[in-house]
Structure formats: structure tokens, C-alpha cells
Amino acid sequence: ERLLLMARKLYRFGSILMIPALGLGLWLWLGFGITGPWLHAKLALVAIAIGYHHGCRSLLRGFEQFNNTRSERWFRIFNESAVLLFAATVVLVVVKPF
């Protein structure tokens, strides 16, 4: 029960922080005219990150109903994929490879 409470709080915290992050990103893109071919790749990664966030919600619902069918290894890989996704997003912003 305690882990579920922590998971709910973490999801809510991430949801609250996602709103200003998206707003500030739109402001930089539209307000300052930041463009480039790398931006399309970054926007695709941001869309995948939003999908990842919604996927986490469905996993949380499964945990709340005690309907977990995934292995511990799967969750480890799922967790690390978010780190790789965010690292790729940051690299695209800093390096602007194309």
C-alpha cells in the first residue's frame, strides 16, 4: 500500500511538472522562432515521452487493482528506457546534429 501511495504521488508530481515544461517549450518554439530539422526529431521524442507518461498511468492502474502481469526485469527495462529517451532529447537540443 505504501508503494502505491508513493507511485501515485510521483505520477501526480510528474504530471504537474509536465504542464509548465510543455508550455515553456512551446513558448521557445513559437515565441522565439527556434527552428531546425533537429526540432522535428525532438518534438517526436517529446510526443513519445508523453505517451510513456500515459503508459505509466495505465501500469499504475494495474498495480492499484493488483493486476500486475509483468516481470521485475521488464519494469527495469521500462524504467531505463525513459532515461535513454530523455538523454536523447537533451542531446538533440544541445548538439543539434542536423
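Parameters and conventions
- Residues numbered from 1 in each chain as written.
- Predicted model: local features only at pLDDT ≥ 70, side-chain atom pairs only at ≥ 80, totals over all residues.
- Heavy atoms only, no water.
- Axes fitted to C-alpha atoms, helices over the stretch in contact; angles between N-to-C directions.
- Helix = DSSP H or I, 4+ residues; strand = E, 2+ residues; numbered from the N terminus.
- Parallel < 35°, antiparallel > 145°, perpendicular 65-115°, else oblique.
- Left-handed = near helix turned anticlockwise from the far one by under 90°.
- Contact = heavy atoms within 4.5 Å.
- Nonpolar A, V, L, I, M, F, W, Y, C, P; charged D, E, K, R; others polar.
- Phe/Tyr/Trp six-rings, centres within 6.5 Å; stacked < 30°, edge-to-face > 60°.
- Buried < 20%, exposed > 50% of the residue type's maximum accessible area, 1.4 Å probe, protein only.
- Lys NZ or Arg CZ within 6 Å of the ring centre and 35° of its normal.

Novice: Explain the packing of helix α1 (residues 2–31) against helix α2 (residues 37–64) to me, please; I cannot follow it from the model alone.
Specialist: Axes are the key here: two packed helices are described by the angle between their axes and the distance separating the axes. Where α1 meets α2, the axes come as close as 11 Å, and the angle between the chain directions of the two elements is 160°. Taken together, the axis directions place α1 and α2 in an arrangement best described as roughly antiparallel. The two elements α1 and α2 cross, and the hand of that crossing is left-handed. Across the interface between the two elements, Leu4, Ala7, Arg8, Tyr11, Gly14, Ser15, Met18, Leu22 and Trp29 of α1 pack against Leu39, Leu43, Val46, Ile50, His53, His54, Cys56, Arg57, Leu60, Phe63 and Glu64 of α2. Broken down by class, the residue content of the contact of α1 with α2 amounts to 13 nonpolar, four polar and three charged.

Novice: Hey, could you run me through the packing of aromatic side chains in this one?
Specialist: Describing an aromatic ring pair means giving the distance of the ring centres and the angle of the ring planes. Within the structure shown, the criterion is met by five aromatic pairs. Between Trp74 and Phe75, the ring centres sit 5.1 Å apart and the planes meet at 85°, which makes this aromatic pair edge-to-face. Taking relative accessible area as the criterion, Trp74 reaches 29% and is therefore assigned partly exposed. Cluster of aromatic residues (ring-pair linked, three or more members): Tyr52, Phe63, Trp74, Phe75 and Phe78. For the cation-ring pair, Arg57 lies above Tyr11, with the distance from its terminal atom to the ring centre recorded as 5.6 Å. Positioned above the aromatic ring of Trp74 is the side chain of Arg70, whose terminal nitrogen or guanidinium carbon lies 4.2 Å from the ring centre.

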